[in-house]
Amino acid sequence: MFVIFPFAAIVSQELLKKALLVNAIDPSIGGLLVRGSKGSGKSTAVRALADLLPKIKVVEHCPFRCHPDNTKLMCNSCQERFESAGSLSYRESKMEIINMPLSVTEDMVVGSLDIKRALKEGIKALEPGILAKVNRNILYIDEVNLLDSHIVNILLDSAAMGVNIVEREGISLYHPSRFILIGTMNPEEGDLRPQLLDRFGLCVDIEALNNKEDRLKIIEYRREFDKDPWTFEERFKDAQEALKRDILHSQSLLKKVFIPPELLEKIVEITISLGIKTHRADIVMEKTSRVLAAIGDRKYVTEDDIKEAALLALAHRMRQQPFEKSPPLSMETLQKLMDKKPEEEIFDFDKTSSMKKEMLRFDLIGSSTGKDFPKTTGERGLYINAKESENPKNIAIDATFRKAVRETGQLEILPEHVMEKIRVTRGEALYVILLDSSSSMRMDRKIRLAKALSWQLLKQSYENRNRVAFLTFKGDDAQVLVSPTQDILNIEEALKELPTGGKTPLTPALYKAFQVAKKETKAMPVIILISDGKGNVFIKNTLEEDLNYLSKLSNGTKLVVVNTENKHKSIGLLEEIAASFKAHHFYLDEVLA
């Protein structure tokens, strides 16, 4: 049995290994171009990837290795058989490396047609080419810069569309051709045109290692592998199996990974700042950053993912003209671009909209504020009843007389007959409005509606003579714009001039709001969080850690969550926060008319 050098045994070359794994997890990224001098391990790494990938299901006797369950990944023949039979027989097969010879012709690549049979039998008349054999496999082109440009164009078109179209003598046939395209080249032997470079999703420049320890380890590994490849393979079996599990886990997690709008803006800002004109750069960066998040076992993209994606996706796209030398792209350059202060915008809002009062009917949801608060007892307010008291502060004369007559039969008042008045007053409240003003709130002009809701809350608080604090959050932290007050003019001005832009520090903002609520000694504080829930800055490391931390600080403070997304677009984070704090969760269209 033929043994491949294990992927887990490749020494260093971390960026190359990461780029290969990214394409394995999401082949739609568009392949990988590996540039480096001879003997730097390019071919070894590519072949090791194929052996690492898990087996896939393929339809029996189909020349295109169609997927047996997904009709979108089937040829016409398999689709027809699937629709009539309801299922297709299949077998499990390892992904293979299909090598592209430099002397290849167009017919060898796309396939050829038997015209007579094509008129009668359709796709059965197709003589499959390399693009048929490579479907759901890896297409490897060594020295891709020496391949005919016309052939390269055909391959890149097919890789981008996932389909190979064969047109001869007015007859057009097609079949699926989805593959991981990997090309290697030695820049000393000439470069590809910028237009062709752009068609590769990712690019990595590698060199032979200069570290003495690494080079000694390569010698050691190669000697062991040549001596007994089966024993060497067994040595790295556990590491290989772990990598296979990681690939499968990342593929399943990928569809759940979210990238915040402000980081999407950063992607565009980076490509524009670097003078990259092609839109493919933005698309590939977005896809790659999401895969990197999945590799990191995260459901959200971070700035580090964006920077690493830029290193993989942009270096080969910075040369815009033939013979133009590409400027170097470093992590330091990318960090400066990431640190560039985002543009801020100020949005006006509609003061004439009305609020559905159910949101602040706290008697319906277990707590109360303002006119809807349960009455509180004290020394002031309406006298409604009387109670016995050893040290009465406010004597209820009528109740005292009644008790004396009832117990003695005459108007003789003894100390034990004295009753104290029970007075009730309307409960006092403090509303802490916590408004998200990050970049993501610009989308669909959510910030306009959020400001309108905040304004309606201010008006209602003023009418009920409650106090309001106004906090906003964007960038890395939350800011107290207006401390607890009954003067809504100050908050109105802050609301008008509130800019948007930057990241979404959702849990740090909740921490700040709980701190404001904790200082309140007289009124019952209620935090009203208004956000789209696309938090990407945390106090600890994850949302779960932050919620555990915040639950210890909340001290029973009431929380109301208003989600500016609708039910179908919400990513679920705000619903999770509401459940964690037993808070009521509303979508914006439920509370703002």
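In what follows, the accompanying structure is described. (Residues numbered from 1 in each chain as written. Predicted model: local features only at pLDDT ≥ 70, side-chain atom pairs only at ≥ 80, totals over all residues. Heavy atoms only, no water.)

In terms of regular secondary structure, the chain is built from 22 helices and 22 strands. Within the chain, buried positions represent 50% of all 593 residues. For the chain, restricting intrachain contacts to residue pairs at least 6 apart in sequence, the fraction spanning at least 24 positions comes to 77%. Accessible surface, the chain: about 29,700 Å² in total, of which carbon and sulfur atoms supply 50%. (Helix = DSSP H or I, 4+ residues; strand = E, 2+ residues; numbered from the N terminus. Buried < 20%, exposed > 50% of the residue type's maximum accessible area, 1.4 Å probe, protein only. Contact = heavy atoms within 4.5 Å. Areas by Shrake-Rupley, 256 points an atom, 1.4 Å probe, with all protein chains shown as cover.)

Here we come to the packing of aromatic side chains. This model, assessed by the stated rule, comprises nine aromatic pairs. Centre to centre, the rings of Tyr-511 and Tyr-549 are 6.1 Å apart; their planes meet at 20 degrees, and the pair counts as stacked. Residue Tyr-511 is found in helix 19 (residues 506-518), and its partner Tyr-549 is found in helix 20 (residues 543-551); the two are separated by 38 residues along the sequence. A relative accessible area of 28% means that Tyr-549 is categorised as partly exposed. One aromatic cluster is present, formed by Phe-5, Tyr-221, Phe-225, Phe-232 and Phe-236 through successive ring pairs. (Phe/Tyr/Trp six-rings, centres within 6.5 Å; stacked < 30°, edge-to-face > 60°.)

Time to look at empty space enclosed by the protein. One pass over the structure, following the stated rule, counts one cavity of 30 Å³ or more. The computed volume of the largest cavity comes to approximately 30 Å³. Taken together, Leu-506, Thr-507, Gly-535, Asn-536, Val-537, Phe-538, Leu-543 and Leu-573 form the lining of the largest cavity. Taken together, the residues of the lining of the largest cavity break down into five nonpolar, three polar and no charged. (1 Å grid on protein atoms, 1.4 Å probe; cavity = no way out; pocket = protein on both sides within 12 Å on 5 of 7 lines; lining within 4 Å. Points joined across faces, edges and corners; volume = space filled by probe spheres on them. Nonpolar A, V, L, I, M, F, W, Y, C, P; charged D, E, K, R; others polar.)

This next bit is on the nonpolar core. Among the nonpolar cores identified, the biggest contains 68 residues, and Leu-49, Leu-202, Ile-270, Ile-306 and Leu-314 are the most heavily contacted of them. Beyond its immediate chain neighbours, meaning those up to four positions away, Ile-270 contacts Met-285, Ile-306, Leu-314, Leu-334, Leu-337 and Met-338. Formed by 30 residues, the second largest nonpolar core is a distinct cluster that contains Val-432, Ala-517, Leu-543 and Leu-559. (Core = buried A, V, L, I, M, F, W, Y, C linked by side-chain atoms within 4.5 Å.)

Strand order in this open sheet of five strands is 4-7-10-1-11, and the pairing throughout is parallel. Edge positions in the sheet fall to strand 4 (97-99) and strand 11 (202-206), since each of these pairs with one other strand and no more. Neighbour-to-neighbour, the strand axes of the sheet open up by a mean angle of 20 degrees, direction not taken into account. Across three bridges, the pairing between strand 4 and strand 7 (residues 138-142) is parallel. Bridge pairing in strand 7 places Asn-99 opposite Tyr-140. (Pairing = 2+ DSSP bridges. Axes fitted to C-alpha atoms, helices over the stretch in contact; angles between N-to-C directions.)

Within the fold, Ser-461 resides in helix 17 (residues 446-463). For Ser-461, a relative accessible area of 1% translates into the label buried. In the structure, Ser-461 is positioned 31 residues away from Leu-430 in sequence and 8.7 Å away in space, judged by C-alpha atoms. Discounting residues that sit within four places of it in the chain, Ser-461 has contacts with Tyr-431, Asn-466 and Val-468.

It is worth spelling out the environment of Asp-191 at this point. Structurally, Asp-191 is set in the loop between strand 10 (180-185) and helix 8 (194-197). In this structure Asp-191 comes out as partly exposed when scored by relative accessible area, which is 40%. Spatially, the C-alpha atom of Asp-191 lies 9.5 Å from that of Arg-35, the residues being 156 residues apart in sequence.

Bringing the pattern of salt bridges into the picture now. In total, this model carries 14 salt bridges according to the counting rule given. Its salt-bridge partner being Asp-304, residue Lys-307 comes within 3.2 Å of it at the nearest N-O pair. Of this pair, Lys-307 and Asp-304 both sit in helix 14 (residues 303-314), three residues apart, which is roughly one turn of the helix. (Salt bridge = Lys/Arg side-chain N within 4 Å of Asp/Glu carboxyl O.)

Taken across its six residues, strand 21 (residues 558-563) has five buried, putting it largely inside the fold. Pairing of strand 20 (residues 524-531) with strand 21 involves six bridges; the strand directions are parallel. Bridge pairing in strand 21 links Ile-527 to Leu-559. Relative to strand 22 (residues 584-587), strand 21 runs parallel, the two being bridged by four bridges. Residue pairing across strands places Val-560 opposite His-584, the latter belonging to strand 22. The parallel pair strand 21 and strand 22 is bridged by helix 21 (residues 573-580), and the resulting crossover is right-handed. (Right-handed = clockwise from strand over helix to strand, strands pointing away.)

A separate point is helix 1 (residues 14-25). Taking 1.5 Å of rise per residue, the twelve residues of helix 1 would be expected to cover 16 Å, and the 16 Å separating its terminal C-alpha atoms lies within 8% of that figure. Within helix 1, nine of the twelve residues are buried, which leaves it mostly tucked inside the rest of the structure. Looking at helix 1, one finds that the buried residues are Leu-16, Lys-17, Ala-19, Leu-20, Leu-21, Val-22, Asn-23, Ala-24 and Ile-25. (Expected span 1.5 Å × (residues − 1).)

Size it by volume and the largest pocket reaches roughly 890 Å³. Lining the largest pocket are 35 residues, and of these Asp-26, Pro-27, Ser-28, Arg-178 and Phe-179 sit closest to its centre. When contributions to the lining of the largest pocket are tallied by element, the ones reaching two or more residues are helix 1, strand 2 (56-59), helix 7 (149-161), helix 11 (237-254) and helix 13 (279-295). Its residues assigned to classes, the lining of the largest pocket shows 19 nonpolar, seven polar and nine charged.

Right, let's get into the environment of Leu-73. Turning to its location among the elements, Leu-73 is positioned in the loop between strand 2 and helix 3 (76-85). Contact partners of Leu-73, with chain neighbours within four places excluded, come to Cys-66, His-67, Pro-176 and Arg-178.

Taken together, six strands build an open sheet; the order of strands is 18-17-16-20-21-22 and the sheet is mixed. Of all the strands in the sheet, the pair left with one neighbour each is strand 18 (477-485) and strand 22. Across the sheet, the axes of successive neighbouring strands diverge by a mean angle of 15 degrees, strand direction being ignored.

Orientation of helix 20 relative to helix 21, taken along the N-to-C sense of each, is 30 degrees, at an axis distance of 11 Å. In this view, helix 20 runs roughly parallel relative to helix 21, as classed from their interaxial angle. For the element pair helix 20 and helix 21, the recorded crossing hand is right-handed. Residue-level inspection shows Leu-543, Glu-544 and Leu-547 of helix 20 in contact with helix 21, the latter providing Leu-573, Glu-576, Ile-577 and Ser-580. When the residues that make up the contact of helix 20 with helix 21 are grouped by side-chain class, the tally is four nonpolar, one polar and two charged. (Parallel < 35°, antiparallel > 145°, perpendicular 65-115°, else oblique. Left-handed = near helix turned anticlockwise from the far one by under 90°.)

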